[in-house]
Amino acid sequence: MTQTLLITGGSGYIGSWVLKYFLDAGYKVHATVRSQEKADELKPHFEAYSKNLEFFIVEDITKDGVYNDAIKGVSGVIHVASPVFPDGKDVEKDFILPAVNGTLNILNHALKVPEIKRVVITSSAAAIKNPLAPSGYYTEKNWNPTTVEQAKENPQSLAYVASKALAEKAAWQFLEEKKPHFDIVSINPSYVFGPLLFPTRLTSLSFLVNFFTGKTEKIPESLTIVDVRDVAKVHLLAYENPKASNQRYIVSPHSLDYNELSEFLYKEYADKTKAPKSDGTRNPPAHAYDSSKSIAELGITYIDKET
């Protein structure tokens, strides 16, 4: 019998790819989006899956009862949705609480559905990296130690990353305290790159656009990256693999050196790019991650970064 899953955040950059991978694998999906407009935008791109796909509107992922209809009859949850962070400056109200409560809300909804066996949560490498350290090499055993108080002192740098760490910590605390009938898996990607599944406004890649157009005047520090298609595939592998029970998985197999990127852009798009010029050096990222666990346990073969 075909399983039905709930996938939240189905219209996002990562969420749309996650949706496609699970549908391609034969699952029926209840997908949540923030508005009917978003659902209408998605439907033409997923027309081939219409028999296995149903959309549900969830405007605020922190409100009690918002998943009542979408979660009926499902045997698993893939929680990709994250809060929309406003321009507000109240770190706790505008960043921390929406992230934590959004995570706890989906878990509390799942408690009401005994058929659910696993909840896969899209977390972030930001929940692992120590942003207060000048450098580091991280495994799944590491945690971002940023406190709410530290985030309040430096909101521009720490509010977002603290929210990701505290939201994931809340999930594991929920598991320990509630001892639910389902297990949890967290997926922790670094910077996510790769193709758009369909044309959309994508603020998360705006820094690449700024680099290409020359709005970024100097070569930035190198980053660790992962292809969005690999992020989606890891969600699927983690949902299906028994070994993934109550595990975290770093998803960050590559680095992006902006000198290297600049050289590539001037080789391929010399007449279009205004990116800052490379100085010819290579600079590894100050913060790097070990993705070997995802390879060993989930069997993922990562897409080459040039692809």
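Residues numbered from 1 in each chain as written. Predicted model: local features only at pLDDT ≥ 70, side-chain atom pairs only at ≥ 80, totals over all residues. Heavy atoms only, no water.

Bringing the overall build of the chain into the picture now. A tally of regular secondary structure across the chain gives nine helices and twelve strands. Taken against the 2.2 N^0.38 rule, which gives 19 Å for 307 residues, the C-alpha radius of gyration of the chain at 19 Å falls within 12% of a compact globule. Along the longest, intermediate and shortest principal axes, the C-alpha atoms of the chain span 60 × 45 × 40 Å. Across the 307 residues in the chain, those meeting the buried criterion constitute 49%. In the chain, the share of contacts with a sequence separation of at least 24, taken over all contacts with a separation of at least 6, comes to 77%. Accessible surface, the chain as shown: approximately 15300 Å² in total, 50% of it carbon and sulfur. Here the chain contributes 34 positively and 37 negatively charged side chains, and the mean placements of these two sets differ by 1 Å. (Helix = DSSP H or I, 4+ residues; strand = E, 2+ residues; numbered from the N terminus. Rg over C-alpha atoms; globule rule 2.2 N^0.38 Å. Buried < 20%, exposed > 50% of the residue type's maximum accessible area, 1.4 Å probe, protein only. Contact = heavy atoms within 4.5 Å. Areas by Shrake-Rupley, 256 points an atom, 1.4 Å probe, with all protein chains shown as cover. Lys, Arg positive; Asp, Glu negative; His and termini not counted. Charge placed at Lys NZ, Arg CZ, Asp CG, Glu CD.)

Turning next to the packing of helix H3 (residues 91–111) against helix H5 (residues 155–178). Closest axis-to-axis distance for the H3/H5 pair is 9 Å, and the angle between their directions is 20 degrees. When the axis of H3 is compared with that of H5, the two are roughly parallel. The element H3 and its partner H5 pack so that their crossing is right-handed. Listed contacts from H5 to Val91, Phe95, Ile96, Ala99, Val100, Thr103, Leu104, Leu107, Asn108 and Leu111 of H3 are Pro155, Ala159, Tyr160, Ala162, Ser163, Leu166, Ala167, Ala170, Ala171 and Phe174. (Axes fitted to C-alpha atoms, helices over the stretch in contact; angles between N-to-C directions. Parallel < 35°, antiparallel > 145°, perpendicular 65-115°, else oblique. Left-handed = near helix turned anticlockwise from the far one by under 90°.)

A separate point is unusual backbone geometry. In this model, Lys179 sits at a positive phi of 45 degrees, which is unusual for a non-glycine residue. Mapped onto the secondary structure, Lys179 falls in the loop between H5 and strand S7 (183–189). With a relative accessible area of 64%, Lys179 lands in the exposed category. For Asn246, which is not glycine, the phi dihedral falls at a positive 55 degrees. Along the chain, Asn246 falls in the loop between helix H7 (228–240) and strand S10 (247–251).

Right, let's talk about the pairing of strand S5 (residues 118–122) for a bit. Each regular strand displays side chains that alternate between the two surfaces of the sheet. Taking burial as the measure, the five residues of S5 include five buried ones, the bulk of the element. Residues Arg118, Val120 and Thr122 line one face of S5 and the alternating positions Val119 and Ile121 line the opposite face, and both faces are buried. Where strand S4 (residues 76–79) meets S5, four bridges bridge the pair, whose relative direction is parallel. In the strand pairing of S5, Val77 is matched with Val119. (Pairing = 2+ DSSP bridges.)

Next up on the list: the sheet that holds strand S8 (residues 191–193). Ordered in space as S8-S9-S11, the three strands form an open sheet in which the pairing is mixed. Since the sheet does not close on itself, it has two edges, and those belong to S8 and strand S11 (254–256), each with one partner. The sheet shows a mean angle of 50 degrees between the axes of neighbouring strands, taken without regard to direction.

By the bridge criterion, five bridges tie strand S2 (residues 28–33) to strand S3 (residues 53–57) in an arrangement that is parallel. Counted as the bridge partner of Ala31 is Phe55 from S3. For the handedness criterion, the β-α-β arrangement of S2, helix H2 (residues 36–42) and S3 is classed as right-handed. (Right-handed = clockwise from strand over helix to strand, strands pointing away.)

An order of S3-S2-S1-S4-S5-S7-S10 is seen for the seven strands of this open sheet, with the pairing classed as parallel. In this open sheet, the two strands that pair with only one neighbour each are S3 and S10. Put simply, the sheet's adjacent strands are angled 20 degrees from each other on average, direction ignored. Two elements, S5 and S7, share five bridges in a ladder whose sense is parallel. When the bridges of S7 are listed, Val119 appears paired with Ile184. In this fold H5 packs onto S5, S7 and S10, with an angle of close to 165 degrees to the strand it touches most, S7.

What follows deals with the nonpolar core. Core analysis: the biggest nonpolar cluster contains 41 residues, and Phe22 and Val29 have the highest contact counts within it. Contributions of two or more residues to this core are made by strand S1 (4–8), helix H1 (13–24), S2, H2, S3, S7, H7 and S10. Broken down by element, the residue count for this core peaks at eight residues, all from H7. What Val29 contacts, discounting residues up to four positions off in sequence, is Leu5, Ile7, Leu19, Phe22, Leu23, Asn52, Leu53 and Glu54. Val58, Tyr67, Val77 and Phe182 belong to the second-largest nonpolar core, a separate cluster that totals 23 residues. (Core = buried A, V, L, I, M, F, W, Y, C linked by side-chain atoms within 4.5 Å.)

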